[in-house]
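# A look at the structure
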Amino acid sequence: MRKFMLITNRYKDQNLALSREIVTYIQQKGGSGDICVSSVEDDDEKGFELSEIPSDTECIMVLGGDGTLIRAATKVESLQIPLIGVNLGTLGYLCELEETTVFRAIDCLMRDEYIMEERIMLTGEKLGGGGAHLALNDVVIHWSGDLSMLLLLVYVNGEYLATFHADGVIIATPTGSTGYNLSTGGPIVDPKARVLLLTPINAHDLNSPSIVFGAEDVVEIEMGSRRFQRDETACVSFDGDTPEHLKVGDRVRISQAASTVRICKISNQSFLEIMRKKIM
């Protein structure tokens, strides 16, 4: 790899100091690199456009944290360029590199000494809504107003499965299993696996465990009515962004996306070793 693009969260890399240092290092090693600024929450800037990333880019380095990497991955999905994350945040489960290891990693990348992992994504849409949305981590249906319980009917491949009385429900990828899914009691899954995870949020029925489906399965969730007025509303979030709202009777369809995200790995640490260091 010789041609790099950096996508940087400017709030994590003040004045883009580290990003510029990385680009200089790449150029000194005979490669090429440039910087795009990632859009962030509550930021008035639009962030970068796909047209800013040259078609011959061989690797995208994402500087920030897991959130920056997730947003970048879904935005550049159509380009099918491998990504590698540089953690400038806190836990950074998805971002393998740190500021202290990034330059050694660049040397490895330029010598083609890396492992490529493919991660599945989700595609989801409200039936009759505004179109499909991608998610690398999860799709979450949750209450949109004051705290209250939702009644959610779950169908798998067109067959009724169960009704959850809960604060919401999470459909997660293996990559997202260590995110919101984990905090609500869902299982940890090897990120290279090809499965879908369904985890209720604060289910009012104690016998409502997480469920693991095959990646080829299609999950539909319908918002039911708990009271006569039928005025309940909920939100559907894709990796934390909320482009859709639900009312009673609306359905969301979620399945594996056609494309995957390719993540470069420098270390040969196993999934178990990473989990032991960062979670256990």
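Quick summary incoming for the structure in this document.

### Structural notes on the overall build of the protein chain
Counting secondary structure elements, the protein chain contains five helices and 17 strands. For the protein chain, whose C-alpha radius of gyration is 20 Å, the value lies close to the compact-globule estimate of 19 Å for 280 residues. With respect to the three principal axes, the spread of C-alpha positions in the protein chain is 70 × 40 × 30 Å. Residues classed as buried in the protein chain amount to 50% of the 280 residues present. Across the protein chain, contacts joining residues at least 24 apart in sequence account for 68% of those joining residues at least 6 apart. Accessible surface computed for the protein chain: about 13,100 Å², of which carbon and sulfur atoms make up 48%. Between the mean site of the 26 positive side-chain charges and the mean site of the 40 negative ones, the protein chain shows a separation of 3 Å.

### Digging into the environment of Gly 240
With respect to the helices and strands, the residue Gly 240 is situated in the loop between strand E15 (233-238) and strand E16 (241-247). Residue Gly 240 is classed as exposed on the basis of its relative accessible area, which comes to 53%. For the pair Gly 240 and Val 219, spaced 21 residues apart in the sequence, the C-alpha separation amounts to 19 Å.

### Comments concerning the packing of aromatic side chains
Taken as a whole, this structure holds two aromatic pairs when the rule is applied. Seen in terms of ring centroids, Tyr 25 and Phe 103 are 5.1 Å apart; in terms of plane orientation they differ by 70 degrees. Their pairing is edge-to-face. Highlighted residues: Tyr 25 in helix H1 (residues 17-28) and Phe 103 in helix H3 (residues 102-110), separated in sequence by 78 residues. Per residue, the accessibility class of Tyr 25 equals that of Phe 103, and both read buried. Residue placement shows Lys 75 over the ring face of Phe 48; its charged tip is 4.2 Å from the ring centre. Sitting over the face of the ring of Tyr 155, Arg 251 holds its NZ or CZ atom 4.1 Å from the ring centroid.

### Considerations on the nonpolar core
Formed by 26 residues in total, the largest nonpolar core has its most connected members in Ile 141, Leu 198 and Ile 221. Broken down by element, this core gets its largest block of residues, four residues, from strand E9 (residues 150-156). If we ignore the near neighbours within four places in the chain, the residues touching Ile 141 are Leu 150, Leu 152, Asp 167, Gly 168, Val 169, Ile 201, Ile 221, Ala 234, Cys 235, Val 236, Leu 246 and Val 252. Of all hydrophobic cores here, the second largest spans 25 residues; its members include Cys 36, Val 62, Leu 83 and Ile 274.

### Things to note about unusual backbone geometry
A positive phi angle, near 55 degrees, is found at Gln 80, a position not held by glycine. Position of Gln 80 among the secondary structure elements: in the loop between helix H2 (66-75) and strand E4 (83-87). For Gln 80, a relative accessible area of 32% puts it in the partly exposed group. In the Ramachandran plot, Asn 157 falls in the positive-phi region, its phi being about 55 degrees despite a non-glycine side chain. Note on Asn 157: relative accessible area 48%, which makes it partly exposed.

### Some points on the sheet that holds E16
Pairing is antiparallel across the open sheet formed by six strands, whose spatial order is E13-E12-E11-E8-E15-E16. In this open sheet, the two edge strands, each paired with only one partner strand, are strand E13 (211-214) and E16. Across the sheet, the mean angle separating the axes of adjacent strands is 20 degrees when strand polarity is ignored.

### Some remarks on H3
For H3, a buried count of eight out of nine residues is recorded, marking the element as mostly surrounded by other parts of the structure. Among the residues of H3, Val 102, Phe 103, Ala 105, Ile 106, Asp 107, Cys 108, Leu 109 and Met 110 are the ones counted as buried. Its buried side turned inward, H3 meets strand E1 (3-8), H1, strand E3 (59-64), E4, strand E5 (97-98) and strand E17 (251-265). Asp 112 occupies a position one or two residues after H3 and carries a positive phi of about 60 degrees.

### Remarks on H2
Considered for burial, the residues of H2 that qualify are Asp 66, Thr 68, Leu 69, Ile 70, Ala 72 and Ala 73. Looking at the buried residues of H2, the elements they touch are E1, E3, E4 and E17.

### Things to note about the pattern of salt bridges
Opposite charge on two side chains permits pairing when their charged atoms draw close. For the coordinates displayed, the defined rule picks out eleven salt bridges. We note a salt bridge from Lys 29 to Asp 107, for which the minimum N-O separation is 3.8 Å. Here Asp 107 lies in helix H3 and Lys 29 lies in the loop between H1 and strand E2 (32-37), a separation of 78 residues in the sequence. One salt bridge in this structure joins Glu 113 and Arg 111, with 3.1 Å as the shortest N-O distance.

The rules behind each value
- Residues numbered from 1 in each chain as written.
- Predicted model: local features only at pLDDT ≥ 70, side-chain atom pairs only at ≥ 80, totals over all residues.
- Heavy atoms only, no water.
- Helix = DSSP H or I, 4+ residues; strand = E, 2+ residues; numbered from the N terminus.
- Rg over C-alpha atoms; globule rule 2.2 N^0.38 Å.
- Buried < 20%, exposed > 50% of the residue type's maximum accessible area, 1.4 Å probe, protein only.
- Contact = heavy atoms within 4.5 Å.
- Areas by Shrake-Rupley, 256 points an atom, 1.4 Å probe, with all protein chains shown as cover.
- Lys, Arg positive; Asp, Glu negative; His and termini not counted.
- Charge placed at Lys NZ, Arg CZ, Asp CG, Glu CD.
- Phe/Tyr/Trp six-rings, centres within 6.5 Å; stacked < 30°, edge-to-face > 60°.
- Lys NZ or Arg CZ within 6 Å of the ring centre and 35° of its normal.
- Core = buried A, V, L, I, M, F, W, Y, C linked by side-chain atoms within 4.5 Å.
- Pairing = 2+ DSSP bridges.
- Axes fitted to C-alpha atoms, helices over the stretch in contact; angles between N-to-C directions.
- Salt bridge = Lys/Arg side-chain N within 4 Å of Asp/Glu carboxyl O.

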